[in-house]
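Spelled out from the first residue to the last, the chains are:
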Amino acid sequence: MLKIFNTLTKKKEKFIPINAGKIKIYVCGVTVYDLCHLGHARTFIVFDSVIRYLRHCGYQVSYVRNITDIDDKIIKRAYENNETTQQLTNRMIQEMHLDLDALNILRPNYEPKVTEHIDIIIKFICLLISKKHAYTAPNGDIMFSVETMHNYGVLSNKENPPKIHDNILKIPNIKKNPMDFVLWKKTTYNNKLGEPCWSSPWGLGRPGWHIECSAMNYSIFGNQIDIHGGGSDLIFPHHDNEIAQSVCAHETSYANIWMHSGLLLLNYEKMSKSLNNFFTIRDILKHYDPETIRFFLMSAHYRSQLKYNDNNLKNAQTSLKRLYIALRDTNPTIQPNGGDNEGEYFISKFISKMNDDFNTPEAYSVLFDIAHRLNNLKIKGHSLLAQGMAATLKYLANIIGLLHQNPEIFLKKITLKHNKNRHFEKIQKLIQCREVARKNNQWELADSIRKKLTVMGITLEDGPTGITKWHFK
Ligand SMILES: Nc1ncnc2c1ncn2[C@@H]1O[C@H](COP(=O)(O)OP(=O)(O)OP(=O)(O)O)[C@@H](O)[C@H]1O
Ligand SMILES: [Zn+2]
């Protein structure tokens, strides 16, 4: 029986879908104004493995992950780039698909964009106004009134009310309650940045952030879904506000289970676009195989935080290598358990770990037990049993999107990447030494380093500011 931890009840609960055999799941997606970083990959790989597992269990899963294609940060970035918000977001959506596909993340069944749901959003806000849950603020914005909901903040826990962001309190006379939030943002008279706006009963404007997910959920799924997911950074205010809007507008419950993935941290802080402390998926893919990244991001329980650093990625690579080495010289095309009880034992152990709130670290340890057993069988020359064990290993790992490559190809690829990385590090070091030599007027040394780099196929370009660029010839 599958159990899932529900952020709403703070308990692991038996999972029972609203409609037998079918699951409706919605995950908050990216605000598309930059390339995706490894923090996004964490959340999307977590939900990818959840969805793969639910499908493996025989559920028909309908998976929606939205795209936020209108927001302050998008407007600002498009203005800086001297392009339209649509040009920017279309480009970033394409790049996002490239990166997430590279990580073998299955595409959602539907990826709704906010700008394609403005009518639905407006209707939703009208409903909230008609039910007296929303009001027009003095500046013309439409605000949700949190006092009209008896248990506002239920997800983030009312007993420990979340801190109100300072700058919310600084806005004078706009909100009836400092926790009230924007549903519709009125376009300012001069519209300095030329931001996109839509006509509405309240004049030209654009939607606030929280309303988009409530409205798109309603339009795609009706108001009730089985699972709502996202990173734990979204619990408050985004998900509490979604609950407030959806419950107040439609007077039904909203999501049965709230699942939140732990954040990927860089130096103890959330990796994030706004904090500008991120590594793009693309950059990491230059140094690591996509499957290594996937393996790393599932190596801690999905609710735990995970620290990004090169060592952790290297460890993930070593672990994955161990599994592929075990699979080497086997032909795992026969039945997964090879007809023996040991295979069945491992399968049921793996399934019980995944049924326990998708415990991937424990599920990994079953994979390593199988690999260990497989190595022993190979050493002892029990070829048929080894084939069965290899098939079990591949079958189970495939459920969560791992070990789908040919072992020889994977092992060759990581050796090549390793050599390339070492080559890259060597180049960087030589360039640094040359820069020091130049600063110290050691021209002969600087010149000999340049010659060495030329032999390695590197061309240097010394910029006027003293910064040296390089490229392969
Ligand atoms: N460091 C992270 N670790 C895990 N999940 C993350 C991380 N950063 C973002 N996410 C998740 O990725 C999805 C998209 O997030 P979003 O586009 O808001 O990213 P962001 O980098 O936090 O952007 P911004 O800083 O502009 O708000 C959300 O579900 C969010 O919870
Ligand atoms: Zn959302």
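Just so it is clear, the model here is predicted, and its values are computed rather than measured. (Residues numbered from 1 in each chain as written. Chains lettered and ligands numbered in written order. Predicted model: local features only at pLDDT ≥ 70, side-chain atom pairs only at ≥ 80, totals over all residues. Heavy atoms only, no water.)

(A) The overall build of the protein chain, seen in detail. Scanning the protein chain for helices and strands turns up 15 helices and 15 strands. Put simply, the protein chain has 473 residues, and 51% of those count as buried. When the accessible area of the protein chain is evaluated, it comes to approximately 23000 Å², of which 52% is carbon and sulfur surface. Of the charged side chains in the protein chain, 61 are positive and 46 negative, and the gap between their average positions amounts to 3 Å. (Helix = DSSP H or I, 4+ residues; strand = E, 2+ residues; numbered from the N terminus. Buried < 20%, exposed > 50% of the residue type's maximum accessible area, 1.4 Å probe, protein only. Areas by Shrake-Rupley, 256 points an atom, 1.4 Å probe, with all protein chains shown as cover. Lys, Arg positive; Asp, Glu negative; His and termini not counted. Charge placed at Lys NZ, Arg CZ, Asp CG, Glu CD.)

(B) The sheet that holds strand β6 (residues 142-144), seen in detail. Pairing in this open sheet of four strands is antiparallel, and the strands run β5-β6-β7-β8 from one edge to the other. Sheet topology places β5 (134-136) and β8 (205-207) at the edges, where each strand pairs with a single neighbour. The average angle at which neighbouring strand axes cross in this sheet is 25°, direction not considered. As defined by bridge partners, β6 adjoins strand β7 (residues 181-186) across three bridges and the pair is classed as antiparallel. Bridge pairing in β7 links I142 to W184. (Pairing = 2+ DSSP bridges. Axes fitted to C-alpha atoms, helices over the stretch in contact; angles between N-to-C directions.)

(C) Examining the coordination of the zinc ion (ligand 2) more closely. The coordination sphere of the zinc ion (ligand 2) contains the protein donors C28 (SG), C213 (SG) and H238 (NE2), at a distance range of 2.1 to 2.2 Å. The sequence pattern describing where the donors of the zinc ion (ligand 2) fall on their chain is C-x184-C-x24-H. A residue pair is termed long-range when its members are at least 10 positions apart, and C28 in the loop between β3 (22-27) and α1 (38-56) and H238 in helix α7 (residues 235-250) qualify at 210 residues. Assessed through its relative accessible area of 7%, C28 is described here as buried. (Donors = N, O, S within 2.8 Å, 3.2 Å for Na, K, Ca; no water.)

(D) Representation of the site of ligand 1 within the structure. Ligand 1 sits among 23 residues. The nearest are Y33, T43, D233, K270 and S274. Between ligand 1 and D233 there is a distance of 2.6 Å, counted from an oxygen atom to a side-chain nitrogen or oxygen. A distance of 2.9 Å separates an oxygen atom of ligand 1 from a polar atom in the side chain of K273. Burial of ligand 1 by the surrounding chains reaches 95%, relative to a free accessible area of 600 Å². Of all the secondary structure elements, the ones that give two or more residues to the shell around ligand 1 are α1 and β9 (225-231). Broken down by element, the shell around ligand 1 gets its largest block of residues, four residues, from α1. When grouped by side-chain class, the residues that make up the shell around ligand 1 number eight nonpolar, 11 polar and four charged. (Near = heavy atom within 4 Å. Polar contact = N/O pair within 3.5 Å; in protein donor to acceptor, adjacent residues only side chain to side chain. Nonpolar A, V, L, I, M, F, W, Y, C, P; charged D, E, K, R; others polar.)

(E) Quick peek at the domain arrangement of the protein chain. Considered domain by domain, the protein chain is made up of domain 1 (3-125 + 210-266) and domain 2 (409-472). The distance between the C-alpha centroids of domain 1 and domain 2 comes to 43 Å. (Domains from an automatic or database assignment.)

(F) Spotlight on the confidence of the model for the protein chain. Looking at the protein chain as a whole, the pLDDT averages 92, with 95% of positions reaching at least 70. Prediction confidence for the complex, expressed as pTM and ipTM, is 0.88 and 0.97 respectively. (pLDDT = per-residue confidence, 0-100.)

(G) Broad picture of helix α15 (residues 443-455). Relative to the 18 Å expected for 13 residues at 1.5 Å per residue, α15 spans 18 Å between its end C-alpha atoms, a close match to the ideal helical length. Among all positions of α15, only A446, I449 and L453 are buried. Viewed end-on, α15 has its buried residues packed into an arc of 60°, placing them on one side of the element. Opposite its buried face, α15 presents the exposed residues E444, K451 and V455, each directed more than 90 degrees away. Contact partners of the buried residues in α15: α14 (407-439) and β14 (458-462). Once α15 finishes, G457 follows within two positions and takes phi at roughly 90°, a positive value. (Expected span 1.5 Å × (residues − 1). Arc of directions from axis to C-beta. Contact = heavy atoms within 4.5 Å.)

(H) Broad picture of the sheet that holds strand β11 (residues 264-266). The strand order across the open sheet built from three strands is β12-β11-β13, with neighbouring strands paired in mixed fashion. Two strands bound the open sheet, and with one partner strand each, they are β12 (269-270) and β13 (306-307). Here β11 pairs with β12 via two bridges, running antiparallel. Paired with L266 across the two strands is E269, which belongs to β12.

(I) Seen up close, the layout of surface pockets. Quantified by volume, the second largest pocket comes out at close to 420 Å³. What lines the second largest pocket is a set of 18 residues, among which H287, Y288, D310, N421 and E425 lie closest to the centre. Only α8 (281-287), α10 (310-327) and α14 provide two or more residues apiece to the lining of the second largest pocket. The element best represented in the lining of the second largest pocket is α14, accounting for seven residues. Taken together, the residues that form the lining of the second largest pocket break down as seven nonpolar, five polar and six charged. (1 Å grid on protein atoms, 1.4 Å probe; cavity = no way out; pocket = protein on both sides within 12 Å on 5 of 7 lines; lining within 4 Å. Points joined across faces, edges and corners; volume = space filled by probe spheres on them.)

(J) A look at empty space enclosed by the protein. In total, this model carries one cavity of 30 Å³ or more according to the counting rule given. Taken together, V46, S49, V50, M298, Y302, M354, F358 and T360 make up the lining of the largest cavity. By residue number, the principal contributor to the lining of the largest cavity is α1, which donates three residues. Here the lining of the largest cavity is composed, by residue class, of six nonpolar, two polar and no charged.

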